[in-house]
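Descriptive structure summary
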Amino acid sequence: MKMKLTGLQVFWIILIMDLGMTLVMTVTPSLQAKQDAWISVVVAGGIASLIALLATQAAKLYPGQTFFEYSHIILGKWIGKAVIVIYLIQWYTITPIILRQFSDLVQVMLLHGTPKEAVMLLMIIVIVYATYAGGIEGIARCGEVLGPIILLMISLVLIASANNIQWRNILPVYADSGMTGILGGALAPASYLGHSVEYLMFAAFLTQPRKGAVYAFGAVLTSVFFVLITTLMVIFTLGVNLSSNTWYPFFEMTKKISLFGFIDNFDAIPVVVWLASVFVKFAVMLFLMSYGTAQFLHVRNWRNLIWFIAPVMFVFALIPQDVTEATSNYLQRYWVPFAMPVNMLGLPLLLLVVGKWRQKKRPAAADHA
């Protein structure tokens, strides 16, 4: 296996996958908890940390082996294959949604008259080149460059929004939402912050696989921190009523920024954050699909599958009729009720428990012999 990742590269990959789309896509769903949405983000952070714990500990059982290899060892041939198929379904369904969300937002924010097909095709060309030429190692190097830029730009938006804060918007705490509203508001951000589950695949490429867990946790905690601060700033600056009725509150918040009466037009910053995040996330997903499918079907050269998968993703991305169908329906019907409890929590827990049991059973059997 020639491709190698450092722990810092894994940190940036997970952070970018967690952070960019969470800021854009899940602030509105979390606002069902009203002004207590920030508490929902804290709860979501706890769930995301649990996902990171399960994924890193499961991957640590068989360092140096890919998820597709050790799932067979732990669960057996047929159950292992079934688990692999479940993850492939996750990657194959989320990628067209990411592509469609990207094209819709670009049309709204930048290129109003440009056909969505052209926008998606350009992104696919760039992603295919990056994935084919560099693999996961090349994508990770891009993440090392783009990650600090993303954090810097988000920080600039948050700092520049400070003069628009209305402290009363955060009150009253807990009274209007209750635990039901807070837990309900935590589900969407938790599911988007749960991409540390992909560590199950990344661990096999790490130069020091036993030290990767620290970087995965660091990425999750950093993402949660920035999502928490952003959610608080959205509530402080826009209020609950306005922000809950907009698709992209983070973008709306930047439109209110005006410093010294002449420094404004900050709306370009979140667009850059969005483009960089989509690029890295889409490239990672295309790699996971191509590499994972190749291992599942025993195809020697995983890069050859890119030429089949990329056109399929383009066609699937054209199926949703509008942004509601592409975002809300997918989030509510698959990503939150199925992908998060099963793919992000249930299956890593199953791999960890059964894997630990098998490792304990093996020395006992050897001693008995």
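Computed from a predicted model, the values in this text were never measured in an experiment. (Residues numbered from 1 in each chain as written. Predicted model: local features only at pLDDT ≥ 70, side-chain atom pairs only at ≥ 80, totals over all residues. Heavy atoms only, no water.)

1. Some points on the overall build of the protein
Each helix and strand in the protein was counted, giving 13 helices and zero strands. Helices and strands appear in the protein in the N-to-C order α-α-α-α-α-α-α-α-α-α-α-α-α. For 369 residues, the compact-globule estimate of 2.2 N^0.38 gives 21 Å, and the C-alpha radius of gyration of the protein, at 21 Å, lies within 12% of that figure. In terms of overall dimensions, the protein has C-alpha extents of about 80 × 45 × 35 Å along its principal axes. A total of 369 residues make up the protein; the buried ones form 56% of that total. (Helix = DSSP H or I, 4+ residues; strand = E, 2+ residues; numbered from the N terminus. Rg over C-alpha atoms; globule rule 2.2 N^0.38 Å. Buried < 20%, exposed > 50% of the residue type's maximum accessible area, 1.4 Å probe, protein only.)

2. Concerning a nonpolar patch on the surface
On the surface, Leu 171, Val 173, Tyr 174, Met 179 and Leu 183 cluster together into a nonpolar patch covering about 470 Å² of accessible area. Following the sequence through the fold, Met 179 ends up in helix H7 (residues 178-192). (Patch = residues over 30% accessible without salt bridge, like charges linked within 9 Å, V, L, I, M, F, W, Y side chains within 5 Å. Areas by Shrake-Rupley, 256 points an atom, 1.4 Å probe, with all protein chains shown as cover. Salt bridge = Lys/Arg side-chain N within 4 Å of Asp/Glu carboxyl O.)

3. Remarks on the packing of aromatic side chains
Summed over the entire model, instances satisfying the criterion amount to 19 aromatic pairs. Between the aromatic rings of Phe 287 and Trp 302, the centroid separation amounts to 5.0 Å while the plane-to-plane angle is 85 degrees, which identifies the pairing as edge-to-face. Of this pair, Phe 287 sits in helix H11 (residues 268-297) while Trp 302 sits in the loop between H11 and helix H12 (306-317), and the two are 15 residues apart along the sequence. Neither residue differs from the other here; Phe 287 and Trp 302 are each classed as buried. Where Tyr 330 meets Trp 335, the ring centres are 6.1 Å apart and the plane angle is 25 degrees; that geometry is what we call stacked. A relative accessible area of 1% places Trp 335 in the buried class. Of note, Lys 81 hangs over the ring of Phe 296, and the distance from its end group to the ring centre comes to 5.2 Å. (Phe/Tyr/Trp six-rings, centres within 6.5 Å; stacked < 30°, edge-to-face > 60°. Lys NZ or Arg CZ within 6 Å of the ring centre and 35° of its normal.)

4. Regarding helix H6 (residues 116-160)
Structural remark: α-helix, 3.6 residues per turn; residues separated by three or four positions point the same way. End to end, H6 covers just 32 Å across 45 residues, shorter than the expected 66 Å (1.5 Å per residue, more than 12% under). Gly 134 marks the point of greatest bend in H6, at about 115 degrees. (Expected span 1.5 Å × (residues − 1). Bend = angle between axes of the 7 residues up to and from the residue.)

5. Side note on the packing of H6 against helix H9 (residues 212-243)
Relative orientation of the contacting elements H6 and H9 amounts to 25 degrees, with a least axis distance of 11 Å. Between H6 and H9, the interaxial angle falls into the category roughly parallel. Judged by the twist between their axes, the crossing of H6 over H9 is left-handed. For the pair formed by H6 and H9, the contact residues are Leu 151, Ile 154, Ser 155 and Leu 158 on the first element and Phe 226, Ile 229, Thr 230 and Met 233 on the second. Considering only residue class, the contact of H6 with H9 consists of six nonpolar, two polar and no charged. (Axes fitted to C-alpha atoms, helices over the stretch in contact; angles between N-to-C directions. Parallel < 35°, antiparallel > 145°, perpendicular 65-115°, else oblique. Left-handed = near helix turned anticlockwise from the far one by under 90°. Contact = heavy atoms within 4.5 Å. Nonpolar A, V, L, I, M, F, W, Y, C, P; charged D, E, K, R; others polar.)

6. Points about the side chain of Thr 293
With respect to the helices and strands, the residue Thr 293 is situated in helix H11. Given the relative accessible area of 10%, Thr 293 is considered buried. For Thr 293, the contacting residues outside a window of four places in its chain are Leu 88, Tyr 92, Leu 288, Leu 305 and Ile 309.

7. Remarks on the nonpolar core
By size, the foremost hydrophobic cluster in this structure holds 135 residues, and its most contacted members are Phe 67 and Phe 202. Tallying contributions element by element places H11 first for this core, with 18 residues. Residues in contact with Phe 67, not counting those within four places in the same chain, are Val 83, Ile 84, Tyr 87, Leu 200, Met 201 and Leu 351. (Core = buried A, V, L, I, M, F, W, Y, C linked by side-chain atoms within 4.5 Å.)

8. A word on the pattern of salt bridges
Evaluation of the coordinates by the stated rule reveals three salt bridges. Across the pair Asp 104 and Arg 100 runs a salt bridge whose closest N-O atoms are separated by 3.3 Å. You can see Asp 104 and its partner Arg 100 sitting in helix H5 (residues 77-109), four residues apart, about one turn around the helix. Assigned by exposure class, Asp 104 and Arg 100 land together as buried. In this structure, the salt-bridge partner of Glu 137 is Arg 141, at a minimum N-O distance of 2.9 Å. Pair noted here: Glu 137 and Arg 141 are both in helix H6, with a separation of four residues, about one helical turn. Looking at Glu 137, the relative accessible area reads 21%, which means it is partly exposed.

9. Overview of unusual backbone geometry
The phi angle at His 298 is positive, at roughly 60 degrees, despite the residue not being glycine. Turning to its location among the elements, His 298 is positioned in the loop between H11 and H12. Accessibility expressed as a relative area gives 68% for His 298, which makes it exposed.

10. Describing the confidence of the model for the protein
Close inspection of predicted coordinates is inappropriate for parts of the model with low pLDDT. The predicted model of the protein has a mean per-residue pLDDT of 85, with 94% of residues at 70 or higher. Confidence, expressed as mean pLDDT per element, reaches its minimum in the protein at helix H2 (residues 27-30) with 72 and its maximum at helix H3 (residues 37-60) with 92. (pLDDT = per-residue confidence, 0-100.)

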